Amino acid sequence: MKKKVLSALLTTTLLLSLLTGCGSDAGQGGTSSSENSTASESTEQSSQQEASGEAPAESSTAGENGGETSLRPDTLDKITVVLFGEESPRMQELMENEFQQMFIDEINTEVELMYLPWTENGAGGKVDLMIASGQEFDACIVDPRWAASSYSKGYLQDLSDVIDKYLPDWHENVDPTAFDAYRYDGGVYAIPIGNKPTGGVYSTVCVRQDIMDAIGMTNISTLDDLTEYAKKAKEQYGLYATYELATAEYIIRGTSDRNLIPLCTGIWIDQDTKELVNFVESPEFEAAVKLYNDWYAQDLIPKDILTNTVTLPFQANMTSFMRGTCGTTLIENEPGLQSVVPEAKTAEYYIAPEKPIYKKSYENTAFQVPITSTKADRVALFVNLLQKNTEMANLFAYGVEGTDYELIDGKVSKINTEELFYEWMIYNVKISSPTTAYTDEFMEVYKNWDDKALPALSFGFNIDYSNVQTEKAQIDSVWEELATPMLAGLKDYDSNIEELKAELNKAGWDTYMAEIQKQFDAHLAK
């Protein structure tokens, strides 16, 4: 993992980068991700499957003599896919022409995109309402937490059959453990997409490296270092520290010697003792709240931290740091930030770099298929095409070669800077081409990022809240009303902790904790 030299290595990488890729600005609204790999290790799959006369229900990946046959349906159909953000002019043009023609040629399917604001991403948003009301659409990106909620409500289809039949290229290019985050009661309820490192996701802090250089700081490895950086960034650049709450994993990572991983509202897991931790009663909660109380008193926390409507304040040049994502800040954050501050550079640092790095999930992004859809097979073919080979991955992420990008020594040099299909979603270390923004040194570190990451105890564990729905709703309400203002620094620890504990108990904390403990014990026993 090279934890001790990570910060310096990423800093050097950023300084050496001459061009910047145009990663997804909105991609962090719900998922965490990134979007590059080494071209030298990419392997081209066959470019197009030959059309056959078989209907999808009768197609297979092997012919009578062991050869491959096409899964392309013989009838044209149409699917509607929900994405978040805004459709760029170039994306609209490609969806009317080259992209759409490729979908028809390869899978005989027209694809219609429906865009919703990123604020609708997640459980309880418009997508859930669309499913509940029977509004027709066929797929939408989803993350494990949202999928668990949707499964408990009966919103999602079991995709086991289509996964076996219609993802031949996916199975070549994506690790099957990706499905583990979406398994419930023997079924699989989403198709993951992408293949990238996830070790230590959200455990690093992403900062402005240009500010670090200007104020003479060379490293951030403790919460004291982070405080010093935040104070100087506020004094010299007028930036607040962050809009993220004190439950940010990089904050909790620095509060004690324990190795805690978040599980659900109010519960974390001690990775060493395998115990579920009541977070409110932990010393880490106290330390984190008091840190934010101190930051708020020093005017480092914005007054509108709980009412802010800007999706990505760090990229909008409003804050000096935010959570990091597996070393990919120059993919996830830097392009958006540089559209506001062209000279800005970013880097990630581990608080407490001596601590282990944990892999909590294989991949956070997948495609759900609502129970209202009758076209799960077409959705599977669509996802398979996005992950089919280098040609397809580059097409959907970067556009048409020669028009939207050029390949220079195996790397993508962008001509078009408008967002197409999210790069962080498409990115696959086996097939995607890197952009010229990323040095070979960076790609080598990134490609091997997960080598020494340890699987978190929660890996593949999904909570079924059906037995504690009432308690969960009440606890979430108490948490939002009482815990969140404390974790934002607005309410002090000493004056509010006892009320918070009492109200959580009234909401059914013991029943809630016991149910989750039972399920977690069963998960560990597997």
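Sequence order as written defines residue numbering, which begins from 1 separately in each chain. At least 70 in pLDDT is required for a residue's local features to be given in this predicted model, at least 80 for side-chain atom pairs to be given and counted, and no such filter applies to totals for whole chains, interfaces and linings, which use all residues. Each side-chain value is worked out from all heavy atoms of the structure, with water and hydrogens disregarded.

**Q** When you look at the sheet that holds strand β10 (residues 276–278) in this model, what are you seeing that I'm missing?
**A** Pairing between sheet strands relies on hydrogen bonds along the backbone, with the strands arranged either parallel or antiparallel. Only strands that DSSP links by at least two bridges are regarded as paired with each other. Where helices and strands are cited, they refer to DSSP runs of H or I of at least four residues and of E of at least two residues respectively, numbered from the N terminus. Ordered by their spatial adjacency, three strands build an open sheet running β8-β9-β10, and the pairing between neighbours is antiparallel. Edge positions in the sheet fall to β8 (260–264) and β10, since each has one partner strand and no second. Taken over all neighbouring pairs, the strand axes of this sheet differ in orientation by 40 degrees on average, direction set aside. The sheet contact formed by strand β9 (residues 267–270) and β10 spans three bridges and is antiparallel. What sits directly across from Ile269, in β10, is Leu276. Inter-axis angles, ranging from 0 to 180 degrees, are taken between N-to-C directions of lines fitted to C-alpha atoms, where helices are fitted over the stretch in contact.

**Q** Looking at this structure, I do not really get the packing of helix α3 (residues 98–107) against helix α15 (residues 390–398). What am I missing?
**A** With their axes 11 Å apart at the nearest point, α3 and α15 run at an angle of 150 degrees to one another. On the basis of their axis angle, the class for α3 and α15 is roughly antiparallel. Here α3 and α15 pass one another in a crossing that is left-handed. Packed against α3, whose contacting residues are Phe99, Met102, Phe103 and Glu106, the element α15 presents Met392, Leu395 and Phe396 at the interface. Any angle between 65 and 115 degrees counts as roughly perpendicular, while under 35 counts as roughly parallel, over 145 as roughly antiparallel, and the rest as oblique. For a crossing to be left-handed, the near helix must be turned anticlockwise from the far one by less than a right angle; the clockwise case is right-handed. Residue contacts are defined here by distance: any two heavy atoms, one from each residue, within 4.5 Å place the two residues in contact.

**Q** Help me understand the packing of helix α11 (residues 283–297) against helix α19 (residues 493–506), please; the structure alone is not making it clear to me.
**A** Helix packing geometry: the angle between the two helix axes and the distance between the axes. Where α11 contacts α19, the axes come no closer than 11 Å and their chain directions differ by 140 degrees. Between α11 and α19, the interaxial angle falls into the category oblique. Considering how the two elements wind past one another, α11 and α19 form a crossing that is right-handed. When α11 is examined against α19, the residues Phe285, Glu286, Val289, Lys290 and Asn293 are found in contact with a partner set consisting of Tyr493, Asp494, Ile497 and Leu500. For the contact of α11 with α19, the residue count by class is five nonpolar, one polar and three charged. Only Asp, Glu, Lys and Arg are considered charged in this grouping, and only Ala, Val, Leu, Ile, Met, Phe, Trp, Tyr, Cys and Pro are considered nonpolar; every other residue, Gly among them, is considered polar.

**Q** Just to check I follow, could you spell out the pattern of salt bridges for this structure?
**A** Any two side chains of opposite charge can pair, on the condition that their charged atoms come close. For this analysis, a salt bridge means a side-chain nitrogen from Lys or Arg found within 4 Å of a carboxyl oxygen belonging to Asp or Glu. With the rule as written, the count across this model stands at 20 salt bridges. A salt bridge links Lys303 to Asp299, with the nearest nitrogen and oxygen atoms 2.9 Å apart. Here Asp440 ties to Lys411 by a salt bridge, and the two come within 3.0 Å at their closest N and O atoms. Taken together, the residues Asp440 in helix α17 (residues 440–447) and Lys411 in strand β16 (residues 411–414) connect sequence positions 29 residues apart. Three labels apply to residues, based on accessible area from a 1.4 Å probe with only protein chains included: buried if under 20% of the type maximum, exposed if over 50%, partly exposed otherwise in between. Take Asp440: its relative accessible area is 58%, and that puts it in the exposed class. Overall, the relative accessible area of 16% leaves Lys411 in the buried class.

**Q** How should the environment of Asp161 be read in this particular structure?
**A** Mapped onto the elements of the fold, Asp161 is located in helix α6 (residues 160–166). By relative accessible area, Asp161 is classed as exposed at 57%. With 215 residues separating them along the chain, Asp161 and Ala376 place their C-alpha atoms 9.4 Å apart.

**Q** How should the sheet that holds strand β7 (residues 204–208) be read in this particular structure?
**A** Spatial ordering of the open sheet is given by β11-β7-β12, a layout of three strands whose pairing is antiparallel. Two strands bound the open sheet, and with one partner strand each, they are β11 (321–323) and β12 (346–350). Averaged over all pairs of adjacent strands, the angle between strand axes in this sheet comes to 30 degrees, irrespective of strand direction. Looking at chain direction, β7 and β12 are connected through five bridges and run antiparallel. Counted as the bridge partner of Thr204 is Tyr350 from β12.

**Q** Is there a simple way to think about helix α18 (residues 469–487) in this case?
**A** Because each turn of an α-helix spans 3.6 residues, side chains separated by three or four positions end up pointing in the same direction. Bend is the name given here to the angle between axes fitted to two runs of seven residues, the run ending at a residue and the run starting at it. Roughly 40 degrees is the biggest bend found in α18, and it falls at Glu480. Buried residues along α18 sit against α11, α19 and α20 (509–525). Positive phi appears at Gly489, one or two residues downstream of α18, with a value of about 85 degrees.

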